[in-house]
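# Overview (structure and organization)
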Amino acid sequence: MKLWSGRFGKETDALVNELNASIDFDQRLYKEDITGSMAHAKMLGACGIISPADTEAIVEGLAGILADVEAGKVEFSADNEDIHMNVEALLTARIGEAGKRLHTARSRNDQVALDFRMYVRERIPELIGQLLELERVLCRQAKQYQTAVMPGYTHLQRAQPISFAQHLMAYAHMFIRDITRLEDCQKRMNECPLGSGALAGTTYPIDRFLTAQTLGFDGPMGNSLDGVSDRDYALELMSALSILMMHLSRFSEEVILWCSWEFKFIELDDAYATGSSIMPQKKNPDVAELVRGKTGRVYGDLMSLLTVMKGLPLAYNKDMQEDKEPVFDAIDTVELCLPVFAAMLDTMTVRTDNMRRAAGMGFINATDCADYLTKKGMPFRDAYTVTGKLVARCTAAGKTLEELSLDELRESSELFEADVYEALKLENCMALRGSYGGPAVAETGRQIASIEDFVEAHTK
Ligand code: ARG
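Everything numeric here is computed off the predicted structure, so don't read it as measured data.

Reading the values: the criteria
Residues numbered from 1 in each chain as written. Predicted model: local features only at pLDDT ≥ 70, side-chain atom pairs only at ≥ 80, totals over all residues. Heavy atoms only, no water. Helix = DSSP H or I, 4+ residues; strand = E, 2+ residues; numbered from the N terminus. Buried < 20%, exposed > 50% of the residue type's maximum accessible area, 1.4 Å probe, protein only. Lys, Arg positive; Asp, Glu negative; His and termini not counted. Salt bridge = Lys/Arg side-chain N within 4 Å of Asp/Glu carboxyl O. Contact = heavy atoms within 4.5 Å. Near = heavy atom within 4 Å. Polar contact = N/O pair within 3.5 Å; in protein donor to acceptor, adjacent residues only side chain to side chain. Areas by Shrake-Rupley, 256 points an atom, 1.4 Å probe, with all protein chains shown as cover. Phe/Tyr/Trp six-rings, centres within 6.5 Å; stacked < 30°, edge-to-face > 60°. Patch = residues over 30% accessible without salt bridge, like charges linked within 9 Å, V, L, I, M, F, W, Y side chains within 5 Å. Axes fitted to C-alpha atoms, helices over the stretch in contact; angles between N-to-C directions. Left-handed = near helix turned anticlockwise from the far one by under 90°. Core = buried A, V, L, I, M, F, W, Y, C linked by side-chain atoms within 4.5 Å. Disulfide = S-S within 2.5 Å. Pairing = 2+ DSSP bridges. Charge placed at Lys NZ, Arg CZ, Asp CG, Glu CD. Arc of directions from axis to C-beta. Expected span 1.5 Å × (residues − 1).

Another aspect to go through is the side chain of Glu88. Within the secondary structure layout, Glu88 lies in helix 5 (residues 83-95). Within the buried core, Glu88 has no salt-bridge partner, and the shortest N-O distance to an opposite charge, that of Arg106, equals 4.9 Å. When residues no more than four places from it in sequence are discounted, the contact partners of Glu88 are Leu3, Gly99 and His103.

Pasting the structure below:
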């Protein structure tokens, strides 16, 4: 029989039960549900709403249920719909009368809002921990490749010389923002909805500040309707996770390109690559492809909850039961991807020879050639034109800029002198880009150190 069967004259249709029940997925919230109920019962006791004896019986009964769930001794039942009613039914079966007093001054609406919020809040540190580990891997790798010249690209066309360290540090900076986005969202969500009741608070003399404090919140949520209706925090988390996945997906795309024979800038460790069932030679970057693919899935999770929420009038609506699966899926997916991705980067072999070879073609020192003339007094726009013509001449002759003789160069401008060859050397082109944030060794060194400081400060 249903907890709420009082006003009903019939059994619920079996298909309605199937549609309505959420225990299959919300049983994940058992711990938050039980902890929340313990805090609620203690508060009811402290405020004289239930007796000390009932309070004790409830808290002990709940502790027993928690232990039994963790020991795998509890079977939840779909007849009890969701985790909240399952726990309450178990409690009443165990302790009798007192169990029926637990739900005083509470609704499942503020209960689920509390449980879900605590669940989400408690999973954020794991996500941050995994991102910090990824940062450590990036710093370790970057330190080895500060002088490894590779072409930097725009439009996927070779553009200017950078180091592999500079490229890795670009992602390291994105992941720092991902971490701080998660921290922001964690801070903002730390208000307690418990005590909002069904939507309109309660006539009992409850102490919302006490439950908020017991459960580690900064305070109670300020409005009871908002308390039961808000799912912003879940959306904010999934937005942060979507942006994080977008970063991982761009990185994955590059890993896939770099593994191709066309680039061969890196080779993945055999443990982080897969083969083909028909082509014996294949070694595929499936990890990166799956991370790129799973990005779509996390975006879908975000879209699904945004869509569920967009038309809902205040306050609680059952549609909101659809909030949990996408959030669980988004968190699980990101937590599956991050450590594998970090390990894949940690174990890759970097082919600096191929990077250097690629950097040698494509005129990525053309800007430096124009800058050379500019520094000798020619206006930059003229220097740009002169260099462009030299590039055209080289392209026709199948040469690089530095393969032109000084006489050939001087046909374009008298400003060219013997020191131009030093200026065109890729290693110098990169080393001299010492502007703040640039690829010069001192600058990548500063970047790596700043990421390491951040990681250190965030490692407890
Ligand atoms: N299982 C429900 C959920 O996840 C709990 C809240 C039910 N409240 C209600 N009034 N039916 O949203």
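Okay, the site of the ligand next. Around the ligand lies a shell formed by Ser22, Asp26, Asp82, His84, Arg108, Asn109, Val112, Tyr316, Lys318, Gln321 and Lys324. The contact in question runs from a nitrogen atom of the ligand to an N or O atom on the side chain of Asp82, over 2.9 Å. One of the side-chain N or O atoms of Asn109 is found 2.9 Å from a nitrogen atom in the ligand. For the ligand, whose unbound accessible area comes to 340 Å², protein coverage reaches 86%. Broken down by element, the residue count for the shell around the ligand peaks at three residues, all from helix 6 (residues 108-144).

Under the counting rule described, the total for this entry stands at twelve aromatic pairs. Taken together, a centroid distance of 6.0 Å and an interplanar angle of 50° make the contact between Tyr153 and Phe263 tilted. Taken together, the positions of Tyr153 in strand 1 (residues 149-154) and Phe263 in the loop between helix 10 (232-259) and strand 5 (266-267) put the pair 110 residues apart, joining distant regions of the chain. Summarising the aromatic geometry, the rings of Tyr372 and Phe416 are spaced 5.8 Å apart at their centres and angled 10° between planes, so their arrangement reads as stacked. Residue Tyr372 is found in helix 14 (residues 366-375), and its partner Phe416 is found in the loop between helix 16 (406-410) and helix 17 (420-424); the two are separated by 44 residues along the sequence. Neither residue differs from the other here; Tyr372 and Phe416 are each classed as buried.

On the surface, Leu199, Leu225 and Leu314 cluster together into a nonpolar patch covering about 260 Å² of accessible area. Take Leu199: it is sitting in the loop between strand 3 (191-192) and helix 8 (208-214).

Another aspect to go through is the pattern of salt bridges. Taken as a whole, this structure holds 36 salt bridges when the rule is applied. Across the pair Arg410 and Glu414 runs a salt bridge whose closest N-O atoms are separated by 3.5 Å. Accessibility expressed as a relative area gives 59% for Glu414, which makes it exposed. Taken together, the shared-partner salt bridges in this structure form one network comprising Arg28, Arg123, Glu126, Asp332 and Glu335.

Axis separation between helix 4 (residues 52-70) and helix 5 bottoms out at 10 Å; the angle between their running directions is 115°. Here helix 4 runs over helix 5; the crossing is right-handed. For the pair helix 4 and helix 5, contact is made by Ala57, Ile58, Gly61, Leu62, Gly64, Ile65 and Asp68 and by Val87, Leu90, Leu91, Arg94 and Ile95, respectively.

Here the focus is the environment of Leu237. The topology assignment puts Leu237 in helix 10. Look at Leu237 and you get buried, because its relative accessible area is 0%. In this structure, the C-alpha to C-alpha distance between Leu237 and Val120, residues 117 residues apart in sequence, is 8.2 Å. Discounting chain neighbours no more than four positions away, the residues touching Leu237 are Val120, Ile124, Leu127, Leu182, Cys185, Val327 and Ile331.

This brings us to the environment of Ala148. Along the chain, the position of Ala148 falls in the loop between helix 6 and strand 1. With 13 residues separating them in the primary sequence, Ala148 and Pro161 have C-alpha atoms 9.9 Å apart.

This next bit is on the nonpolar core. Residues Leu138, Phe164, Leu237, Leu241, Leu248, Phe251 and Leu345 are the most contacted members of the largest nonpolar core, which totals 102 residues. Apart from residues lying up to four places away in sequence, Phe251 is in contact with Leu138, Leu168, Tyr171, Phe175, Trp258, Phe341 and Leu345. Membership of the second largest hydrophobic core comes to 17 residues, among which are Ala370, Met378, Ala383 and Phe416.

To continue, consider the state of the cysteines. For the structure shown, the criterion picks out zero disulfides. Looking at the unpaired Cys185, the closest cysteine sulfur is the one in Cys192, lying at 17 Å.

To continue, consider the pairing of strand 2 (residues 157-163). In this sheet, strand 2 lies alongside strand 1 in antiparallel orientation, the contact comprising six bridges. Paired with Tyr153 across the two strands is Arg158, which belongs to strand 2. Linking two consecutive strands that pair antiparallel, namely strand 1 and strand 2, is a turn of two residues; a positive phi of about 55° is found at His155 within it.

On the surface, Asp24, Asp319, Glu322 and Glu325 cluster together into a negatively charged patch. Note that Glu325 resides in helix 12 (residues 324-346). Using a relative accessible area of 38% as the deciding quantity, one classes Glu325 as partly exposed.

Now for helix 13 (residues 352-360). Note: α-helices contain 3.6 residues per turn, so residues at a spacing of three or four share the same orientation. Within the span of helix 13, buried status applies to Asn354, Met355, Ala358 and Ala359. Down the axis of helix 13, the smallest arc covering the buried residues is 140°, so these residues share one side. For helix 13, the secondary structure elements touched by its buried residues are strand 1, strand 2, helix 7 (164-188), strand 6 (349-350) and helix 18 (426-431).

Moving on, we get to helix 19 (residues 441-458). In this model, helix 19 (18 residues) spans 26 Å end to end at C-alpha, consistent with the 26 Å of a helix rising 1.5 Å per residue. Every buried residue of helix 19 is listed here: Glu443, Thr444, Gln447, Ile448, Ile451, Phe454 and Val455. End-on view of helix 19: buried residues confined to an arc of 140°, all on one side of the axis. Residues Ala442, Asp453, Glu456 and Ala457 are exposed on helix 19 and point more than 90 degrees away from its buried face. Elements that come into contact with the buried residues of helix 19 comprise helix 6, strand 2 and helix 7.

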